[in-house]
Amino acid sequence: MTALALPLAAPARAQSAAPSAPQGSPAPDAGAGSGGATAVRSSDGRLVLTAVEASGGIRVDGALDDEAWEHATPVSGFLQSEPAEGQPATQQTEVRIAYDQNNLYIAAFCRDDSPLVITDIRKDFGTGDQDTFEVIIDTFGDHNNGFIFATNPEGARSDSQVTNEGREVNTSWDAVWNVRTRKVDQGWTIEMGIPFRSLRFEGGVEKVWGINFSRRLRRVNEVTYWSLVPRQFKISRVSLAGDLEGIPARMPSRNLRIKPYVLASSVRPTGSRAVPAPAFAGDGDIGLDLKYGVSSSLTLDVMVNPDFAQAEADQQQVNLTQFDLFYPEKRDFFLENSGVFYVGDASRALVGNQVTTAARADTDLYYFHSRRIGLTDDGQPIPILAGARLTGQAGGLGIGVLSVQVKDTASSPNNHYTVARLRKGVLNNTAFFGGILMQRQNTDASGDYNRVVGIDTNIRLFGRVDTSASYFNTLTGAGNPLRKAGSTRWDQSSLRASYLFEGRKYYSNGTMVTIGKDFNDELGYYRRLGIRKYILDTGMRPRPKALNKYGIRELQPHLTWNYFTDMEGRYFARNLHTAFSIYGNSGSSLEFSMNPGGDTLFAPQTISGIRVPAGTFRTNNFRVNYSSDPSRLFSGGLTTTVGTNWIADEQTISANLTLKPSYRFRTTLSAQRTRLTVDDPAAPQNALRVIVTNRTNYSFTTNMFVDALIQFEQATHRVNSNIRFNFIHHPLSDLYIVYNDQRFTDGAPLLAGTDAPPVAGRGLIVKFTQMFSF
């Protein structure tokens, strides 16, 4: 076999006018398309790539010397999204696609005449601070959902699932696939092998799939695409992808995967040396996960006696609010396909460059928050007997069903949880209508239940304006202690409406949320009841060319204003974030902000050590936030806040420093120090809150890692350590060794009336999983 010729001629510019690009995309550069030739386009203006059959087979080794690659038609002509949108890439990329009976193959040559930037090789590595190549595959051709596969020059693997056109990107989705890379004189090569059984698609029908490729050239912070994606979006904007033709009709395998686990542990809880002192207790457990392709487009996941010991510990935070802190979901079963159950705004979390994201409506209301299942309010596990999840498409409907049964414990009754979600796309999937049902049912008491029913819609207008609306109503059983007598339907409901416009130089988001005073969603997260909340999030992002010589790429003056009233329209809280951000060519950022606000306490409360009386308070603070180029050997950030918070003067400084001497090792030390002072001669108060965190990662290979998270909290004199070793010994099969340690630094007794010092809590957990595929 002859190796693929790596040196590429510069792509010739097309001489004829191309059809218009998909709605919402800027006009493509005339040179975009197959390398050295006029771009091939579909009737609706999409770039087209045709896959060829690899009759002689392909060995995934990164060499690109298989015969099939000689017959595959290459595409190149990548265009910049960053920094000069629509201009040709500064370094050429050439891609070919082939297939055989079992796999889809992707080959790419990434020309580069400078040293490569590689900072991480962990599974699901971050793609933002190193050289990367990504592909998104829309197997249903619906321009709405897809699968992303990414790698870097060291052959690291990252995969994720996109739903609702990028409104949700699930990085916890895992597939069986293979990638190999090689560094060559003129750049680097990539060879991917993706089994068809790892993908969901419509069986028995020859269909055009969607596909797009992206490359990041980190040393100049350049992002390029085969099918151009405007800079305010990312590769997850599936509707802007090109077409993949030539994949013949096939019936996908049922893809039955069974993954049992065995676990052994020895744990000593934190306690006192007073008799009886806590002792180590050994334990063992078994369970399994099952995944089955019910149809070509429906997947069933089952867990029996699951264990999530390998999940990372929650990161500690300083709480300066009157509410419980929000902690994200970290358990794999609940993270995978979580986007199917999402109801809410067209999120700005995946687009734009805003430094602060604290003003989203979701901060005050998540209709479904999976941490309500199998975890107490303080994050302690509630044993789960079994659970099942059915997701996919059938009859033109997007389907998601979740069913989980937990064990009866002292902190939780014998509850069964159900979530059912349906979505229907219309108008070429530019509009969606859906509904959701959520229920908690005490299986020992039929009257103890909570039910939530909601309907929602998302409509995209002109390719750039997203509108969404939802209405939810709750029903609380007579045996539920949270039931309110005399409550009306309106009191138990919630309504949300929003719009989002994303332009190259301007964006705007407006949202209105109401939550009734008796709204009771026991599977959701929300902070306030009986409110109306209004949000305006808008800004500009000009790119003055004159500032380029100073290393400045973009300016972003913006404001994010939240305003709260009660249901009668009376004010009681606000947060008016007004800021000016500067983004450098290197990826650094600097933001200056002023944050006038206010809130109302209806009862006295102690907040971060300060006793705050009931009343309405006005506050204001000034903040400076700086982040350096994250791809450097040393990188870091600094945030300072000065102003007022409730009745106190606040001074907060947060800093972090990251060291990355190689792509195998990184360590980040971060600290936050908050001092609150009340200068009241009659009742002076002072409070100090300090949190220090160290996060260290070492990658032995792309399949073996160790991660350590060590946290010190000054207020409780507590040090928590979470050290996790992970060896992927076979695809989707792991060995985990987890060590947890909790100790107190002041030696103060934990039990009143004794002088016995505390005993550190420690635990060692070993978990082995093996995936069997049929």
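Residues numbered from 1 in each chain as written. Predicted model: local features only at pLDDT ≥ 70, side-chain atom pairs only at ≥ 80, totals over all residues. Heavy atoms only, no water.

(A) Structural detail: the overall build of the protein. Counting its regular elements, the protein contains 2 helices and 47 strands. For 774 residues, the compact-globule formula gives about 28 Å, and the C-alpha radius of gyration of the protein, at 27 Å, lands near that figure. Counting only C-alpha atoms, the protein reaches 80 × 60 × 55 Å along its principal axes. Considering the protein as a whole, with its 774 residues, one finds that 53% of them fall into the buried category. (Helix = DSSP H or I, 4+ residues; strand = E, 2+ residues; numbered from the N terminus. Rg over C-alpha atoms; globule rule 2.2 N^0.38 Å. Buried < 20%, exposed > 50% of the residue type's maximum accessible area, 1.4 Å probe, protein only.)

(B) Representation of the side chain of serine 628. Positionally, serine 628 belongs in the loop between strand 37 (621-627) and strand 38 (634-645). Within the local environment of serine 628, its side chain forms a polar contact with the backbone nitrogen of glycine 636, the two atoms lying 2.8 Å apart. (Polar contact = N/O pair within 3.5 Å; in protein donor to acceptor, adjacent residues only side chain to side chain.)

(C) Seen up close, the packing of aromatic side chains. Throughout the structure, instances matching the rule amount to 23 aromatic pairs. Consider the rings of tyrosine 563 and tyrosine 571, whose centres lie 5.5 Å apart with planes at 35°: the pair is tilted. For tyrosine 571, a relative accessible area of 24% translates into the label partly exposed. Seen from their ring centres, phenylalanine 564 and phenylalanine 572 are 6.3 Å apart, and the 35° between their planes marks the pair as tilted. The same class applies to phenylalanine 564 as to phenylalanine 572, namely buried. The rings of Phe147, Phe149, Trp173 and Trp177 are connected pair by pair, giving a single aromatic cluster. If you follow arginine 331 out to its NZ or CZ, it ends over the ring of phenylalanine 308, 5.6 Å from the centre. Positioned above the aromatic ring of phenylalanine 564, the side-chain terminus of arginine 528 is 4.4 Å from the ring centre. (Phe/Tyr/Trp six-rings, centres within 6.5 Å; stacked < 30°, edge-to-face > 60°. Lys NZ or Arg CZ within 6 Å of the ring centre and 35° of its normal.)

(D) Spotlight on the sheet that holds strand 4 (residues 93-99). Strand order in the open sheet made by the 5 strands is 2-4-5-11-10, with mixed pairing throughout. Two strands close off the open sheet at either side, each with one partner strand: strand 2 (52-53) and strand 10 (178-184). Here strand 4 pairs with strand 5 (residues 103-111) via 7 bridges, running antiparallel. The residue of strand 5 that forms the bridge with alanine 98 is tyrosine 105. (Pairing = 2+ DSSP bridges.)

(E) Geometry of unusual backbone geometry. Omega for the peptide link from glutamate 82 to proline 83 comes to -5°, which places this bond in the cis form. Within the element layout of this structure, proline 83 appears in the loop between strand 3 (79-82) and strand 4. For histidine 717, which is not glycine, the phi dihedral falls at a positive 55°. Of note, histidine 717 is situated in the loop between strand 42 (704-713) and strand 43 (718-730). Although it is not a glycine, leucine 732 adopts a positive phi angle of roughly 60°. Of note, leucine 732 is situated in the loop between strand 43 and strand 44 (733-744). Looking at leucine 732, the relative accessible area reads 15%, which means it is buried.

(F) Inspection of the nonpolar core at higher detail. One finds Ile97, Ile106, Phe133, Phe149, Met192, Trp209 and Phe213 to be the most contacted residues of the largest nonpolar core, which totals 35 residues. Those elements giving two or more residues to this core turn out to be strand 4, strand 5, strand 6 (132-138), strand 7 (146-151), strand 11 (187-195) and strand 12 (209-217). Once residues within four sequence positions are removed from consideration, phenylalanine 149 is found in contact with Phe133, Glu134, Val135, Ile137, Ser158, Asp159, Trp173, Ala175, Trp177, Met192, Ile194 and Leu199. Phe334, Val343, Val452 and Phe519 belong to the second largest nonpolar core, which has 29 residues in total. (Core = buried A, V, L, I, M, F, W, Y, C linked by side-chain atoms within 4.5 Å. Contact = heavy atoms within 4.5 Å.)

(G) Structural view of the pairing of strand 41 (residues 685-701). As paired strands, strand 40 (residues 665-678) and strand 41 are joined by 14 bridges and run antiparallel to one another. Bridging from a neighbouring strand, leucine 669 pairs with asparagine 694 of strand 41. Counted between consecutive antiparallel strands, the loop separating strand 40 from strand 41 contains 6 residues. Two strands pair when backbone bridges link them, and strand 41 and strand 42 are joined in this way by 10 bridges, in the antiparallel orientation. Each residue of the ladder has a partner; that of threonine 696, found in strand 42, is alanine 708. Between the end of strand 41 and the start of strand 42, which pair antiparallel, lie 2 residues.

(H) Main features of the side chain of threonine 514. Mapped onto the fold, threonine 514 is located in strand 27 (residues 506-515). Here threonine 514 is in contact with Trp490, Ser493, Ser494, Leu495, Ile531, Arg532 and Met567, once residues within four sequence places are set aside.

(I) Fine view of the environment of glutamine 130. Assignment of secondary structure puts glutamine 130 in the loop between strand 5 and strand 6. According to the relative accessible area criterion, glutamine 130 is buried, its value standing at 0%. Glutamine 130 sits 251 residues away from proline 381 along the chain, and the two C-alpha atoms are 37 Å apart. Apart from the residues lying within four places of it in its own chain, the contact partners of glutamine 130 are Val117, Ile118, Thr119, Asp120, Phe125, Asn152, Arg216 and Arg218.

(J) Region of interest: the confidence of the model for the protein. Confidence along the protein averages 86 in pLDDT terms, with 90% of residues attaining 70 or more. Of the regions scoring below 50 in pLDDT, residues 1-37 engages in 98 contacts with residues more than four places distant in sequence or in other chains. Under a pLDDT of 50 for its full length, residues 346-362 has, in the predicted model, 57 contacts with residues more than four places off or in other chains. (pLDDT = per-residue confidence, 0-100.)

(K) Highlighting the pattern of salt bridges. For the coordinates displayed, the defined rule picks out 44 salt bridges. Residue aspartate 44 pairs with arginine 46 through a salt bridge whose shortest N-O separation is 3.2 Å. Residue classification places aspartate 44 among the partly exposed positions, given a relative accessible area of 39%. A relative accessible area of 8% places arginine 46 in the buried class. In this structure, the salt-bridge partner of glutamate 312 is arginine 724, at a minimum N-O distance of 3.7 Å. Linking glutamate 312 in the loop between strand 18 (298-304) and helix 2 (332-335) with arginine 724 in strand 43, this pair joins segments that are 412 residues apart in sequence. Given a relative accessible area of 18%, arginine 724 falls into the buried group. When salt bridges that share partners are traced, they join Glu82, Arg231, Arg543, Arg553 and Glu554 into one network. (Salt bridge = Lys/Arg side-chain N within 4 Å of Asp/Glu carboxyl O.)

(L) Representation of the environment of aspartate 314 within the structure. Here aspartate 314 shows up in the loop between strand 18 and helix 2. Sequence separation of aspartate 314 and glutamate 202 is 112 residues, and the distance between their C-alpha atoms is 39 Å. Among residues more than four places away in sequence, those in contact with aspartate 314 are Tyr327, Pro328, Lys330, Arg371 and Gln711. Side chain to side chain, aspartate 314 and arginine 371 meet in a polar contact 3.0 Å long.

(M) Looking closely at a nonpolar patch on the surface. Taken together, the side chains of Val262, Ile286 and Phe768 present a nonpolar region at the surface, about 280 Å² in accessible area. Relative to the helices and strands, phenylalanine 768 resides in strand 46 (residues 761-769). (Patch = residues over 30% accessible without salt bridge, like charges linked within 9 Å, V, L, I, M, F, W, Y side chains within 5 Å. Areas by Shrake-Rupley, 256 points an atom, 1.4 Å probe, with all protein chains shown as cover.)

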